[in-house]
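Coordinates in review
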Amino acid sequence: MKNWFLRLPIRHKLSLIVLVASALSLLLATMVSFVAQRHTIIVNHERELMTLGGVISQNCPAAIVFDDRDALEKILASLKAKESVVEARVYDSKGELLARYATPRAGRVTGHVDFMGARLADGFAELSQPVMQGKEQVGRLFIRVDLREMRSSLIAISLLTVATLALGLMLSLVLSHYLLRVIARPIGALHNAIASISEAGGYHQRATVESEDEIGQLARGFNTMIATIEARDIYLEEQVALRTQDLARQAQALMEAKDRAEAANRAKSQFLANMSHEIRTPMNAILGMSHLALEVTDEGQRKRFMQTVRHSAEGLLGILNDILDFSKIEAGQLQLDKRSFRLDQLLETLVSTMNVPALEKGLMLRVEVDPTAPQAFIGDSMRIHQVLLNLVGNAIKFTEHGSIVVQVASALNRQAADGVFPLCFQVKDTGIGIAPDKIAQIFNAFDQADSSYSRRYGGTGLGLSISRQLAMLMGGDIQVESVVGEGSVFSFIVPLPATYASLDDHAALGQGGQGEPVLTNLKILVVDDNEVNRDVASMTLSDTHQVTTAENGLKALALLADKDFDLVLMDVQMPVMDGLAATTTLRAVESGQEIAAAVPPDLLEKLRKKLFGGHVPVAAMTAHAMGGDRDMCIAAGMDSYITKPFQPEHLRRLIQEMGGGKQEAPAGDLVDQALVESPRAAQPSGEEQPQDVAVFDDAAIVNYLQMATSLTMPQIARVLAAARKSIAENIIGAEQALAAGDLTTLGKYAHTLKGALAQCGLQQPAELADAIQVAVKEGDEMDYAAGLAALRGLLKAFLE
């Protein structure tokens, strides 16, 4: 075959090549055209059937509901205009045949239609779809269409395609016969010329590829062109292959990212729904019980109501703390606080916290500790306690009977070479267990094993995610083994350096306890531009400490230049000189650096002589409670941070945490996060929490201050008088600043009002003042005059 083709003349070879190429091209084109037309016909028939079904089903609901079979017969009779429709039926919601349209080709009724959608059966296309009235299905429509018309169309198209192919081949043959002579004639001439040169002799070299004649140049150019094309084709094919691989990888990555994003979006949507439920549940109890407590006269009932409010508030606080911890972990801002702690006291605190809910469900909670494990370690005991608290809380939640066992052992019962013990914690329960396909899901943020609306157990879906990330932050991880119906075992290993130094009893969680000596007679400077805040802090601490007050940062520096103080409680936003500038100036004086703030030269000289080389502890005492505000305070040189309004025990705990007395270097540690994130987070067991004042009169505010502070009645009277005066003056100042168009001063007055109002429990006016301050700070549009008028209206009874 190959030799036969090679022996053919060039003209015949070209004709044959062109004919085959044309035949293949025409065949491919006609096949594509046929497939496209076939697809179009089928799709059009499907759309026509669906449209027909939609139109009929829209006209049927009323007739089905009222059992108007004549109307249904008329509706179906309209299908006569469509010859391809051989049968149509309408059923009610119970499957009873109400009406039928049929042509002779339909045959008899074959029984109830038991499918939904469209299908092909015995040369017919069948459609079954529900008939809806609103959101309720009232019946079903069945339509059968004969496909003979479609098959006839396809046969006609097939014949036309074959005829087109044959005609194209004939035209190709005729055209190639005449057109290829244009190509064959120059080649034949070249062949004749070469033959003549060969026969005549002497022109052989000129006829070769190396010759300089036109044929040689054509051959040389052709060979060069082929070589160039071949090299370029190889290069392009390699580039196309590489690019194709890159595109495939990118497409795969995009699909995976899309799947992850969709999964995350679904999980977060479910999380928001769960979070709304979890927040509204305690809020409903808080609002309801607060209302009942205000109405009831029996003190015993009131106390029970307030205890319910306290428990609900603690639950709500736990949800908010989970969200805050998760946000900090996601932002990479959560830092570990490594201190010495006693393992037995950490576990004792855990048991004392979780034993009551365990006993309420009839469960036994016990702790088993490896006697060979060290008892004192260095690490973040608060975060270990948080992980254990979450795991034990989950165990109690998902266990109806049996026990919860917390086991602690030193992994492998041996110490690492660097003195670090892999401490293993295990929480075993006899609860409902976890399905194998749900184990990986429970550690995902916003995910829960049961996320349905009918779920039996509540929760935000963040606890285990936070616990795992905390464990990983401490160098470990959480593992789980579970059998459905038998229980679960959660375990995590944390590598901790052991310490054999003597620890006091109060060092269990790295925080002060009942055994810690109470610091007294400290010299404390309270700096706040609000007189109410100064009085509250002063009267709270004056029983056990020597308290001095100042209304701005500059006066605080003057007092520090004249007197010795063990601790400074510094507000952030104040007139003349704010707390950040005052603290920055103080730290610059202590370290001998240049002073950026405007300080009188004589005062600056006194400060340098008195404070150079020392360190006065400074704690921020401010209404700014965002993470950025906290970092701003620490960057300015403050040692700790507490938010207003604060509870007396929080302030005392702050002083206890900072240790009193001057330090040689900044402590760098902050007050417990419970104080920073929620000023009312921790109340002693059995005590009622103060509720925000709803009726703005003296009696309500006195009642609030009695519950929120340890002040005496004369002290409360002083606070009340100072608050009334301060709030009235600041409202007038704010109105004057607005009249003068000085929004910056208006924002400062609003900030001062917010602190004074919140300290008196006037939460609604405090929120309004805060809204004004935020609008000024962010440059948002707000009717400040209306806001101040509303603020004055709310406080009318209080100010008169």
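Along each chain, residues carry numbers from 1 onward, in the same order as the chain's sequence is written. With pLDDT at 70 or above as the cut-off, local features in this predicted model cover only qualifying residues; side-chain atom pairs require 80 or more to be listed or tallied, and sums for whole chains, interfaces and linings still use all residues. Neither water nor hydrogens contribute to the side-chain values; these are computed over all heavy atoms in the structure.

Glancing now at the pairing of strand 14 (residues 546-550). A pair of strands is labelled paired if DSSP reports no fewer than 2 bridges between them. Elements are defined by DSSP. Helices are runs of H or I of four residues or more, strands are runs of E of two residues or more, and each kind is numbered from the N terminus. As paired strands, strand 13 (residues 523-527) and strand 14 are joined by 5 bridges and run parallel to one another. Residue pairing in the sheet places V527 in a bridge with A550 of strand 14. After leaving strand 13, the chain enters helix 12 (residues 531-541) and then returns to the sheet as strand 14, a path that is right-handed. Call a crossover right-handed when, viewed with both strands pointing away from you, the route from the first strand across the helix to the second goes clockwise.

With that out of the way, let us pick up the packing of aromatic side chains. Working definition: a ring pair exists when centres of Phe, Tyr or Trp rings (six-membered ring for Trp) sit within 6.5 Å. Plane angles under 30 degrees give stacked, over 60 give edge-to-face, the rest tilted. Within this structure, the stated rule accounts for 2 aromatic pairs. Geometrically, the ring pair formed by F425 and F492 is stacked, given 5.0 Å between the ring centres and 15° between the ring planes. A residue pair is termed long-range when its members are at least 10 positions apart, and F425 in strand 10 (residues 420-429) and F492 in strand 12 (residues 487-497) qualify at 67 residues. Think of it as a cone above the ring: NZ of Lys or CZ of Arg counts as a charge over the ring if it is within 6 Å of the ring centre and within 35 degrees of the ring normal. The positively charged end of R144 is found above the aromatic ring belonging to F124, 5.5 Å away from the centroid.

Once that is clear, we can look at the side chain of S488. When you line up the elements, S488 lands in strand 12. Burial classification: accessible surface area is computed with a 1.4 Å probe over protein chains only, and a residue below 20% of its type maximum counts as buried, one above 50% as exposed, and the rest as partly exposed. A relative accessible area of 4% means that S488 is categorised as buried. Polar contact is the term for a pair of N or O atoms within 3.5 Å; when the atoms are in protein, one must be able to donate a hydrogen and the other to accept it, and sequence-neighboring residues count only if both atoms are side-chain atoms. Reaching out from S488, the side chain makes a polar contact with the side chain of S482 at a distance of 2.8 Å. Note on contacts: a residue pair qualifies if any of its non-hydrogen atoms lie within 4.5 Å across the two residues. If near-sequence neighbours (up to four positions away) are discounted, S488 is found in contact with V427, K428, D429, G433, I434, E481 and S482.

A word on the confidence of the model for the protein chain. Across the chain, each position has a pLDDT score giving the predictor's confidence in that residue, from 0 to 100. Overall, the predicted model of the protein chain reaches an average pLDDT of 75, with 71% of residues at or above 70. Every residue in residues 502-515 is under pLDDT 50, and counting partners more than four places away or in other chains gives 34 contacts.

Moving on, we get to the nonpolar core. For soluble globular proteins, nonpolar side chains are generally found buried alongside one another. Ranked by size, the top nonpolar core spans 39 residues in total, and within it L388 and F490 carry the most contacts. In terms of residue count, the dominant contributor to this core is helix 10 (residues 381-397) (7 residues). The contact partners of L388, leaving out residues within four places of it in the chain, are L346, L347, L350, F425, V427 and F492. In plain words, nonpolar cores are sets of buried Ala, Val, Leu, Ile, Met, Phe, Trp, Tyr and Cys residues tied together by side-chain atoms within 4.5 Å. Grouped together as the second largest cluster of nonpolar side chains are 29 residues, V599, L604, V616 and V618 included.

What follows is about the pattern of salt bridges. Counted as salt bridges are all cases of a side-chain nitrogen of Lys or Arg within 4 Å of a carboxyl oxygen of Asp or Glu. A complete count under the given rule lists 20 salt bridges for this structure. Across the pair D344 and R342 runs a salt bridge, and its minimum N-O distance is 2.8 Å. Since its relative accessible area comes to 21%, R342 is described here as partly exposed. Counted as one network, the salt bridges with shared partners bring together E87, R89, R100, R119, E126 and R144.

This brings us to the environment of M638. Topologically, M638 is positioned in the loop between helix 16 (627-635) and strand 17 (640-643). With 20 residues separating them in the primary sequence, M638 and V618 have C-alpha atoms 5.1 Å apart. Those residues within four positions of M638 in sequence are excluded, and the remaining contacts are M570, G579, L580, T583, V618, A620 and C633.

Taken together, the buried positions of helix 4 (residues 69-77) are L72, I75 and L76. The buried residues of helix 4 occupy an angular sector of 95° when the element is viewed end-on, so they sit on one face. Those residues of helix 4 that are exposed and angled more than 90 degrees off the buried face are D70 and K74. The directions from the helix axis to the C-beta atoms form the arc being described.

On to the packing of helix 14 (residues 579-591) against helix 15 (residues 601-611). Only the stretch in contact is used when a helix axis is fitted, and all axes are lines through C-alpha atoms; the angle between N-to-C directions ranges over 0 to 180 degrees. Where helix 14 meets helix 15, the axes come as close as 8 Å, and the angle between the chain directions of the two elements is 60°. With respect to each other, helix 14 and helix 15 are oriented oblique. With respect to the hand of their crossing, helix 14 and helix 15 are arranged in right-handed fashion. Residues L586, V589 and E590 of helix 14 form the contact with helix 15, whose own contacting residues are L604, L607, R608 and L611. We call Asp, Glu, Lys and Arg charged. Ala, Val, Leu, Ile, Met, Phe, Trp, Tyr, Cys and Pro are nonpolar, and the rest, Gly among them, are polar. Here the residues of the contact of helix 14 with helix 15 sort into 5 nonpolar, no polar and 2 charged. Note that the term roughly parallel is reserved for angles under 35 degrees, roughly antiparallel for angles over 145, roughly perpendicular for angles of 65 to 115, and oblique for everything else. Handedness of each helix crossing follows the sense of rotation of the near helix against the far helix: counterclockwise by less than a right angle gives left-handed, clockwise gives right-handed.

Right, let's get into a nonpolar patch on the surface. The grouping of W4, L16, V20 and L24 at the surface amounts to a nonpolar patch, some 360 Å² of accessible area in total. For the nonpolar patch, the leading source of residues is helix 2 (residues 10-59), giving 3 residues. Turning to its location among the elements, L24 is positioned in helix 2. Like charges are joined within 9 Å and nonpolar side chains (Val, Leu, Ile, Met, Phe, Trp, Tyr) within 5 Å, but only among residues with over 30% relative accessible area and no salt bridge; these make up the patches. Throughout, the Shrake-Rupley method with a 1.4 Å probe supplies accessible areas, and for residues the shown protein chains are the sole cover considered.

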